[in-house]
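# Observations on the model geometry
For reference, the chains in residue letters:
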Amino acid sequence: MFEELGRRLQAFVMGLVNRPEVAQEIVQTTFERLLRHGGGVEPESLRAWIYQVARNEALLWRRKRDVEQRAVSAIAVRPEGDSDAVMAGLLRRDEIARVRLAVSQLPQAQRHVLELRLDEELTFSEIAARLGLPLGTVLSRMRSAVERLTQSLASGN
Amino acid sequence: MTPHPPTPTSDLVWDAWRYASDELTASEREVFESRLASDVEACEALAEAVLLRQALLARGSASRAVSRDAATPAGRRSAGWFVTLVAASLLVLVGTTVSRRPLPLAANRGSAAVTDAAVVGGEQTPVAGDDEDLVDLWVALNQELKFDASADSGLDDVADAFAPESDDVPDWMFAALEDSSVDPVEEDAL
């Protein structure tokens, strides 16, 4: 149970800090706090408690980093290199296979938008221009694709 | 506490995805982050979005890696070696098959010579035997050809003797067809 929670918690923190090694540290810190101070937490509130501790730690790290780098929007810059490799450790093979299958089962229009966005890294405006579609249509297709894929990913949990 | 929360609402999924993909405006981003402070479902949705995004990127990078590998010189060399290996295997297979196939009976001059050599060798050598038989047959044939320096002309004479003078079917061929005493097993052996 805690292994799965830790995995999801690390993904959550990764979404906040976008640095896998920092996310790992924050998750460790969060569980250390759970061991020291979590005795009084009600079981039904435990998940919320853990997420809030992790979030606070992530925001604290971001504030420190922002001061150091004097770059408020630096979180938007996605680091290159081993980030994907480290994050891949969070993924299970069956998840990738499930997502791959789900992508293949998407309607062609949705799959096309998804691939242009993720694989070719086009902006939505560029996709709209290439396909000759309104921007809203492209966003709608992407949204539908993400919702379907999220369901397929969650279906195995 | 359940480790697997229910699937979040559609808007939440989309917002979380856009947050994880860095597609929100600054104000939208601020709103979403404030929501994370009090909404566990939003936290779960963000975790799901990050995992989904990573899975999709892993899928895409795996596909690109395969394409890239095929396009690199090393990949092309690997493909070339594979094609060469397959071609060599097919060649060996064809060669083995041909060497084990029975030779036709006196269909042309070469086969006539082979048949003769098998007989001249002093024993009924199966033409379609194993490799050692074929080697023996080849040695016997060479010895026979060396014995008579004019073997080629002699063989030509033999071939000419069987050559039809016209398009009519010769009588000896009808006789051969009518001869039902030929053992099919022996024929196969030849």
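Residues numbered from 1 in each chain as written. Chains lettered and ligands numbered in written order. Predicted model: local features only at pLDDT ≥ 70, side-chain atom pairs only at ≥ 80, totals over all residues. Heavy atoms only, no water.

### Overview of the overall build of chain B
Each helix and strand in chain B was counted, giving nine helices and zero strands. The linear arrangement of helices and strands in chain B, starting from the amino end, is α-α-α-α-α-α-α-α-α. A burial count over chain B gives 28% of its 190 residues as buried. Sequence-distant contacts, at least 24 apart, represent 52% of the contacts inside chain B between residues at least 6 apart. (Helix = DSSP H or I, 4+ residues; strand = E, 2+ residues; numbered from the N terminus. Buried < 20%, exposed > 50% of the residue type's maximum accessible area, 1.4 Å probe, protein only. Contact = heavy atoms within 4.5 Å.)

### Focus on the overall build of chain A
The helix and strand tally for chain A stands at eight helices and zero strands. Written out in order from the N terminus, the α and β elements of chain A read α-α-α-α-α-α-α-α. When each of the 157 residues of chain A is scored for burial, the buried share is 46%. Restricting to contacts in chain A with at least 6 residues of sequence separation, those with at least 24 account for 60%. A total accessible area of about 8,400 Å² is found for chain A, and carbon and sulfur atoms account for 50% of it. (Areas by Shrake-Rupley, 256 points an atom, 1.4 Å probe, with all protein chains shown as cover.)

### Here's the deal with the packing of aromatic side chains
Residues and elements named next belong to chain A. Under the counting rule described, the total for this entry stands at two aromatic pairs over all chains. Ring centres of Phe12 and Tyr51 lie 5.0 Å apart, and the angle between their planes is 90°; on these two criteria the pair is classed as edge-to-face. Here Tyr51 lies in helix α3 (residues 46–69) and Phe12 lies in helix α1 (residues 2–17), a separation of 39 residues in the sequence. On the basis of relative accessibility, which here comes to 0%, the residue Phe12 falls in the buried class. (Phe/Tyr/Trp six-rings, centres within 6.5 Å; stacked < 30°, edge-to-face > 60°.)

### Some words on the pattern of salt bridges
By the definition in use, this model includes 16 salt bridges over all chains. Among the charged side chains, a salt-bridge network with shared partners connects Arg8 and Arg47 of chain A together with Glu44 and Glu48 of chain B. (Salt bridge = Lys/Arg side-chain N within 4 Å of Asp/Glu carboxyl O.)

### Overview of the environment of Trp17 of chain B
Position of Trp17 of chain B among the secondary structure elements: in helix α1 (residues 10–20). Relative accessible area serves as the criterion here: at 0%, Trp17 of chain B is assigned to the buried category. Taking C-alpha positions, Trp17 of chain B is 8.6 Å from Leu52 of chain B, a pair spaced 35 residues apart along the chain. Non-local contacts of Trp17 of chain B, meaning those with residues more than four positions away in its chain, are made with Leu118, Met142 and Val146 of chain A together with Glu23, Ala49, Leu52, Arg53 and Leu56 of chain B.

### Considerations on the packing of helix α7 (residues 124–131) of chain A against helix α8 (residues 135–155) of chain A
Residue and element names in this part refer to chain A. Remark: α7 packs on α8, axes separated minimally by 9 Å, with the N-to-C direction vectors making an angle of 110°. As judged from the angle between their axes, α7 and α8 are roughly perpendicular. Of the two possible hands of crossing, α7 and α8 adopt the one that is right-handed. Residue-level contacts link Phe124, Ser125, Ile127 and Ala128 of α7 to Leu135, Val138, Leu139 and Met142 of α8. (Axes fitted to C-alpha atoms, helices over the stretch in contact; angles between N-to-C directions. Parallel < 35°, antiparallel > 145°, perpendicular 65-115°, else oblique. Left-handed = near helix turned anticlockwise from the far one by under 90°.)

### Regarding the side chain of Gln110 of chain A
All names here are of chain A. Among the secondary structure elements, Gln110 is positioned in helix α6 (residues 108–118). According to the relative accessible area criterion, Gln110 is buried, its value standing at 11%. The contacts of Gln110, once residues within four sequence positions are left out, are Arg141, Ser144, Ala145 and Arg148.

### Notes on helix α5 (residues 93–104) of chain A
Residue and element names in this part refer to chain A. Here α5 contains twelve residues, and its C-alpha end-to-end distance of 17 Å stays within 8% of the 16 Å for a straight helix at 1.5 Å per residue. Inspection of α5 places Glu95, Ile96, Arg98, Val99, Ala102 and Val103 among the buried residues, and these make up the whole buried set. Along the axis of α5, the buried positions cluster into a sector of 160°, meaning they face one direction only. (Expected span 1.5 Å × (residues − 1). Arc of directions from axis to C-beta.)

### A look at the environment of Trp49 of chain A
All names here are of chain A. Position of Trp49 relative to the elements: it lies in helix α3. Classification of Trp49 as partly exposed rests on a relative accessible area of 24%. For the pair Trp49 and Leu34, spaced 15 residues apart in sequence, the C-alpha separation works out to 8.8 Å.

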